[in-house]
Structures are given as C-alpha cells and as structure tokens.
Amino acid sequence: MAQITLDVFRFDEAVDVVPHRSQVTVDVPETTTVLDALETAKAEVDGSISFRRSCRSAICGSCSMNINGTTGLACKTPCNTVMDKDGVIQVDPMPNFQPMKDLVVHMDPFWDKYTRLKPYLQPADRDEDHATERRVSPEDMKKLVDVANCVMCATCYALCPVVSVDPAFAGPAAIAYAYRFIEDVRDSKRDERIAQISEDYLWLCAHCYACSYCPKHVDPNDRIVDVKRAAIADRVMMNERGPRHALTVNRTIRQTGMLDETELILGTIGRFNVRGLLKVAPLGLRMAAKGKLPPIFLKPIPKVDEVRTIFDALEVPVA
Amino acid sequence: MSTTLLPEQRAGDAHKQTKSSQSKRYGFFPGCVAKESCKELFNSAMLLADRLGIELVELTAASCCGASVVNDTNRDVARVLNARTYAQAEALGLDDVITICSTCTGHMRAANKELLESDVHMTQANAILGKFGARYNGTVTVRHLLWLLIDDIGLDRLREMVVRPLNGLKVAPFYGCHIIRPESVNGWESSRRPHSLEDIIAAIGGEPIDYAGKTRCCGFHIQLEKEGVATSMVGQNMRMAKDRGAQAVLTPCPLCHLALDGYQADSAARWGRTDLPTFHLPQLVAFALGVPPEKLGLNKHLIDPRTVMVAQELIA
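Residues numbered from 1 in each chain as written. Chains lettered and ligands numbered in written order. Predicted model: local features only at pLDDT ≥ 70, side-chain atom pairs only at ≥ 80, totals over all residues. Heavy atoms only, no water.

For the rest of this paragraph, the subject is the overall build of chain B. Counting its secondary structure elements, chain B contains 13 helices and eight strands. Projecting the C-alpha coordinates of chain B onto the three principal axes gives extents of approximately 55 × 45 × 40 Å. Expressed as a percentage of its 316 residues, the buried residues of chain B come to 67%. Of the roughly 10700 Å² of accessible surface on chain B, 49% is carried by carbon and sulfur atoms. With 34 positive and 34 negative side-chain charges, chain B shows a spacing of 1 Å between the two charge centroids. (Helix = DSSP H or I, 4+ residues; strand = E, 2+ residues; numbered from the N terminus. Buried < 20%, exposed > 50% of the residue type's maximum accessible area, 1.4 Å probe, protein only. Areas by Shrake-Rupley, 256 points an atom, 1.4 Å probe, with all protein chains shown as cover. Lys, Arg positive; Asp, Glu negative; His and termini not counted. Charge placed at Lys NZ, Arg CZ, Asp CG, Glu CD.)

What follows concerns the overall build of chain A. Scanning chain A from terminus to terminus reveals twelve helices and seven strands. By principal-axis analysis of the C-alpha atoms, chain A measures approximately 70 × 70 × 40 Å. For chain A, the proportion of its 319 residues judged to be buried stands at 52%. Sequence separation of 24 or more characterises 63% of the internal contacts of chain A that already satisfy a separation of 6 or more. As displayed, chain A has an accessible area near 15100 Å², and 53% of this comes from carbon and sulfur atoms. Computed over 40 positive and 44 negative side-chain charges, the inter-centroid distance for chain A is 7 Å. (Contact = heavy atoms within 4.5 Å.)

Per the counting criterion, the structure on display carries ten aromatic pairs over all chains. Seen from their ring centres, F110 of chain A and W111 of chain A are 5.2 Å apart, and the 70° between their planes marks the pair as edge-to-face. Here the aromatic residues F97, F110, W111, Y114, Y157, Y177 and F181 of chain A are joined through ring pairs into a cluster of three or more. Residue placement shows K35 of chain B over the ring face of F42 of chain B; its charged tip is 4.3 Å from the ring centre. If you follow R192 of chain B out to its NZ or CZ, it ends over the ring of Y213 of chain A, 4.0 Å from the centre. (Phe/Tyr/Trp six-rings, centres within 6.5 Å; stacked < 30°, edge-to-face > 60°. Lys NZ or Arg CZ within 6 Å of the ring centre and 35° of its normal.)

Residue and element names in this part refer to chain A. Taken in spatial order, the five strands make up an open sheet running 2-1-5-3-4, and their pairing is mixed. In the strand order of this sheet, the two ends are held by strand 2 (20-28) and strand 4 (70-73), each with one partner. Across this sheet, the average inter-strand angle for adjacent strands is 35°, counted without regard to direction. Inspection of the sheet shows strand 3 (residues 64-67) paired to strand 5 (residues 88-92) by two bridges, in the antiparallel sense. Following the sheet pairing, I67 is matched in strand 5 by V91. (Pairing = 2+ DSSP bridges. Axes fitted to C-alpha atoms, helices over the stretch in contact; angles between N-to-C directions.)

A separate point is the interface of chain A and chain B. Facing 66 residues of chain A, the contacting portion of chain B comprises 67 residues. In total, about 5600 Å² of surface goes out of reach between chain A and chain B, with carbon and sulfur atoms giving 61% of it. Between K292 of chain A and E40 of chain B there is a salt bridge; the shortest N-O distance is 2.8 Å. In this structure, the connection of chain A to chain B is made through 29 residue pairs in polar contact (both at pLDDT 80 or more). Tallying contributions element by element places helix 9 (residues 241-256) of chain A first for the side of chain A that touches chain B, with eight residues. The residue makeup of the side of chain A that touches chain B, split by class, is 39 nonpolar, 13 polar and 14 charged. (Buried area = accessible area lost by both parts, 1.4 Å probe. Salt bridge = Lys/Arg side-chain N within 4 Å of Asp/Glu carboxyl O. Polar contact = N/O pair within 3.5 Å; in protein donor to acceptor, adjacent residues only side chain to side chain. Nonpolar A, V, L, I, M, F, W, Y, C, P; charged D, E, K, R; others polar.)

On a regular strand, each side chain points to the face opposite its neighbour's, so the side chains alternate between the two faces of the sheet. Residues and elements named next belong to chain B. On strand 3 (residues 96-99), burial covers both faces: D96 and I98 on one face and V97 and T99 on the other are all buried. As judged from the three bridges shared by strand 1 (residues 25-29) and strand 3, these two strands associate in the parallel manner. The partner of G27 across the bridge, within strand 3, is V97. Where strand 3 meets strand 4 (residues 141-144), four bridges bridge the pair, whose relative direction is parallel. Within strand 4, the residue paired with T99 across the bridge is H144.

An α-helical turn contains 3.6 residues, so a residue and the one three or four places further along point in the same direction. V304, E306, V307, I310 and F311 of chain A are the residues of helix 12 (residues 304-313) of chain A that are buried. In an axial view of helix 12 of chain A, the angular spread of the buried residues amounts to 155°, which keeps them on one side of the axis. Each element contacted by the buried residues of helix 12 of chain A is listed here: helix 9 of chain A together with helix 4 (77-91) and helix 6 (119-129) of chain B. Looking one or two residues past helix 12 of chain A, E315 of chain A carries a phi angle of roughly 50°, positive in sign. (Arc of directions from axis to C-beta.)

Attention now moves to the sheet that holds strand 1 of chain B. All names here are of chain B. Strand order in the open sheet formed by four strands is 2-1-3-4, and the pairing between neighbours is parallel. Either end of the sheet is taken by a strand with one partner, and the two such strands are strand 2 (55-58) and strand 4. Here the strands of the sheet are splayed against their neighbours by 40° on average, with no regard to which way each runs. Pairing analysis gives four bridges linking strand 1 to strand 2, with the strands arranged parallel. The residue bridging Y26 from the neighbouring strand is L56, located in strand 2. Contacts from helix 3 (residues 39-52) reach strand 1 and strand 2, with the element oriented near 140° to strand 2. Its contacts with the sheet put helix 5 (residues 102-117) on strand 1, strand 3 and strand 4, and the angle it makes with strand 4 is roughly 160°.

Where charged atoms from two side chains of opposite charge approach closely, those side chains can pair. Enumeration over the complete set of coordinates arrives at 44 salt bridges over all chains. We note a salt bridge from K101 of chain A to D102 of chain A, for which the minimum N-O separation is 3.5 Å. Overall, the relative accessible area of 2% leaves D102 of chain A in the buried class. Put simply, R159 of chain B and D156 of chain B hold a salt bridge, and the shortest N to O gap is 2.7 Å. Of this pair, R159 of chain B and D156 of chain B both sit in helix 8 (residues 155-161), separated by three residues, roughly a single helical turn. According to the relative accessible area criterion, R159 of chain B is partly exposed, its value standing at 43%. Connected via shared salt-bridge partners are R10, D46, K101 and D102 of chain A.

Take the packing of helix 9 of chain A against helix 12 of chain A next. All names here are of chain A. Direction vectors running N to C along helix 9 and helix 12 enclose 135°, while the axes themselves pass 7 Å from each other. Classified by the interaxial angle, the pair formed by helix 9 and helix 12 is oblique. Counting all contacts with helix 9, which are made through N250, I253, R254, Q255 and T256, the residues of helix 12 involved are V304, V307, R308, F311 and D312. (Parallel < 35°, antiparallel > 145°, perpendicular 65-115°, else oblique.)

Moving on: the domain arrangement of chain A. Many structure descriptions define interface size as the accessible area lost when the parts assemble. Examined at the domain level, chain A breaks down into domain 1 (2-104), domain 2 (108-233) and domain 3 (241-314). Computed from C-alpha coordinates alone, the two centres of domain 1 of chain A and domain 3 of chain A are separated by 48 Å. (Domains from an automatic or database assignment.)

Okay, the side chain of S22 of chain A next. Residue and element names in this part refer to chain A. Inspection of the secondary structure puts S22 in strand 2. Within polar-contact distance, the side chain of S22 engages the side chain of R10 at 3.1 Å. Once residues lying within four places of it in the same chain are set aside, the contact partners of S22 are L6, D7, V8 and R10.

In this section: the side chain of S21 of chain B. Looking at the element boundaries, S21 of chain B is found in helix 1 (residues 19-23). In this structure the side chain of S21 of chain B is engaged in a polar contact, spanning 2.7 Å, whose partner is the backbone oxygen of T18 of chain B.

What follows is the structure, encoded as structure tokens:
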C-alpha cells in the first residue's frame, strides 16, 4: 500500500468565480489506477469531488483528464507511473474544454465537430431497395477496424495545440472518424465528406503527433495523413493552401532535391496573390535585414536526377 | 541510461553504439533549412564538432528528408528518398547519420524503421535505387546531435570542456515535436517528460526552466495554412516560458527556431511581449565550449540574443 495525495482542481460553474484546489490523501496500492484512487477519495474522504467515469476498463472513454500536466484516461494510468517522489498526483480537467464541475468539462464543441461529419453510413441506395447484404472484403475492413476502436474520449482533442489556439479546427478525432467513412466502400459520399472535413481545416493539422498518445491506438495523426492523401487523389479543394503547400514541396524537391523555402512561400500563397504576399512581407523584410533570407535561386543537389527518378517511379503528384 | 522510458517503449537503435561513434567519424545530414535560412546553425554545428574532436562528414548529395509534408501526397516517397541518403552514407563507410533538425530526425528515423522492418519496403526502395546503381543494406542509424552529445560525448565530459559557463542564464528548452514523437519512432527518451536539453543546459552552466510548452508544437508546418494560428502557438508557448522566468530559449530544431524567432513580434498582440531570444543547440554549446561568439552567427537572429548575453556578463 502507498499513501497517494491527489491534488484536485475544484470548480463549480454554478457558484464559483475562480477555481481552487484540494488535496486528498488515500491509502491504495501504488499500482492502482488514478481513477480508482479518485473513487477511493470520493468514497472515503470527500464525496463532493466530481469526475466522469463508467466502465473503468478503457472502453467507455469517460474518464479522460489531465494527469500531471498531460492528458489520458485515468482508468488506464497506474499511480506509480505518474506520482512524484512524495506520492502527489495533480489532476485537472482536460484542457481545450470549459470546466463544468471539478474534472467534468463541457464536451459540446467536441460533439459538434463530430456530428458535422454525419457520422453514419450513407450508401447510394436505401437498405430496403438493396437486394443483398452490403459486403466488405477483409482487406477493406482492415483499414477501418483501428479507427472504429475510437471511444471518443477526446484525449486527442484536449492535447491538440491547434485546437488550443483556433477552435475552428475539426481536431484529430473528427478527422479520424471522417476517414472511417471516407474509406468505407459502402459509403457513397466520399468526396462530399472530404470537402466537408477540408472546410473544417483538415490541412491545419500541425504534424505535431500529440494525438499519437491516443489511448486506443487509433493514431489520428496517421489517419489525418490518409485523409489528405484521399483529398489529393480525388483532387478535392485543390486550390486551398494545404494542397498547394504539399504539392509545392513535392515540386521543389523534385526540381532541386531540396525544400526551396522561397518557392514554398510563393507556391503556397500564389505568386500573383499580392494581398497574401504583402501579409508575409514584413517578416520577409525583417529576415532580409538580418541577411537571413533563403536563396532566391536554389542550386540543385548533386545527382538530382536520382531524386527525379524516385519521384517518377512512384508517380508522386507535383501539381 | 538517462531516460524514463519503459524498455518496451524504447526504439531499438536510439542508444546504439555505432562504428561511427567509435571512430568519431559520422555521416552528417544538415537538412534544408540549415543550408538555406539558418546557415548559422550549420556553421555552429561544424565549429562544435571541431571543438568536440569529432568529424561530421556532410552527405552533400543527400536530398530533403520529406519534411513531414511529402507523406501528405504519397506514402512511399519519403522512405525511398531517405533510403538513397542512407545508401550514400554506407558508400562512405559510415553507419551513423547525425541530424541537427527535429523534423529530419523524426522523419528519417520513421523511414529507416519502415525499411528495416519490412522486406516489401526495402525491396521496393532498392528496386528504385537500382535504377541509378545505388543500394541500401540497412546498416544506418539516424540520431540527432543532441543524442550524440549525451550518449557519445557524455555530460561529464561536456562539463569538463566548458570554458565559458552560462552564469546561471535561465534557458527554456524547446524540443520540437519530431525529435520526441511518436515514441515508437524516436524512443530515445520519454516524450512526455524529456530532460536531455535540461541536462545540457545545466552541464554548460545555465539554469533550465521547466514549463508546459517545452514539448508542444511551434506551428512551423502550418505557418502558411491559416493566418495567425502558428503565430499564436508560438505566443502561447513563449508566454509560458517567460512566465516561468526564462531569459532565452534553446532548441535542437531550425524549424522551431524560425517560428520562435520570427513570430514573437507578431504574437505580442494576443499573448503580450515575450521577446525571448532563441539559440540553436550547437550555437549555445559551442559558445560555452569556447568558440568565439562572433563566429556563431548570433547577429542573424531577429531577436538578438546578444542583449541578454551582455546582461548576463557572457559577452562584453
């Protein structure tokens, strides 16, 4: 047994103006989960501590919270992996959400983004008009099973640094769930779905891999890349900055072997988009003043033909 | 091993003793940005290597690593581009490729992992490399200079070599996502609680600042996608560092450097003025090891680090 002190964020939106913290010490085995430690605290010490939980087995997705500054399922986090040398564990509500009471948050923005996806199968014809069952080959199903494991715990949404500064971004879970329908052979709305998620800023993913901490190994980071590839393959919303950026990177690497920083800016914003270019001009001028501008004409690397051979063999899109 | 990772989380080759580490002769992959807008990083790395008594053999015909973006359009191209780079290292008798960019580290390691773990991928890459007479035999390990400093040089040796300690300069580490995440690819240290940069800062006489932003994203990869988002990500992170008392930032990634150094002026409107100068990892270590500051390109930064260095009595 170990003495574990939970340092809990306390707030009740109905009465409190500012949050405070309370410290609750419990005697539990040190390998117990943070959720079980919280349950013990609530049962034995302070019944007013509020948190969401149901299954205690990483299936319901209710108990995601911030544990010592990083988000995860409390039911999947053993105390001895997070407590400090004095046995203290800080628990806070998930970031990127409004707290409601203690560790309970308002989940509405997360669900709003999810429902915008129309998260149900939309086949080309109605089930009653369809003579046979809708069959999916094992290979096609294999692409979907990992994503279907999503328990909508919102851990990825809470960890996402883009959501933290721009709530318009769909967030990792919604994009991963869009993938689940985009890649479903029974669905008939593939391109509409890609367009919808592109409008919800698919291309604003910062490639930070914060969502690689997904407790269910959905790995939204990889699914986001899959949806981007689908967008490029189907040529959906190709004039947006995201696809232009990706294709300009390809073009400059094929031409020079290097990522051409100058060309990247011109190609993404548009070399005739004067208003867009004027917006990045001040930073460009500040860099120029320090002699820090990338070269205007980048010299290709030696044997750049080899790079072109690779691009052509793999039929990499460059425009 | 200075890591809190569980054994099963560690990437197999991250702590490997390579032939290169024994001969002190390493393949060197500077990456695009260190050759374009952050030349001071390339120069500092070479000067630091000289001071450490190691040889960095630049892979001059290497291409871009794919910069995390080429994956968005094609699942194979980054892997094959990097296989070409590794074949060049092997041809020079080198089994260790050292990077000075977090994004290069993560994406080159991801490509190498796929090549080494899948015959299908290795065969596909070598079929294309064969068109121009190259072949990758799978002997290369990719590591960041940060890892080399700790694993091959060692913190004790580094401490002994310091001739210009930082006088307790309060430095906020900023890791850059791709040197720590995903753990299955990098796995050199815990991505949630890394401390290699803190260890380096302490070893060269600085005081590391702990803050929540150190493992967060700088926004570089979306700087052009939507106005204000990357700027705000920088502002948020630098606000956290400044509020903890940081005087400067240290990063192993030139992409982070461009974002942190470039956007603080614009993020002030939302996050308040932070004005934290940002050092490249080899710049600050080379300075502490006695490389003359005028050779380190400190005048190339938009937020001039020399002001805080004068205040800390590090330079006149």
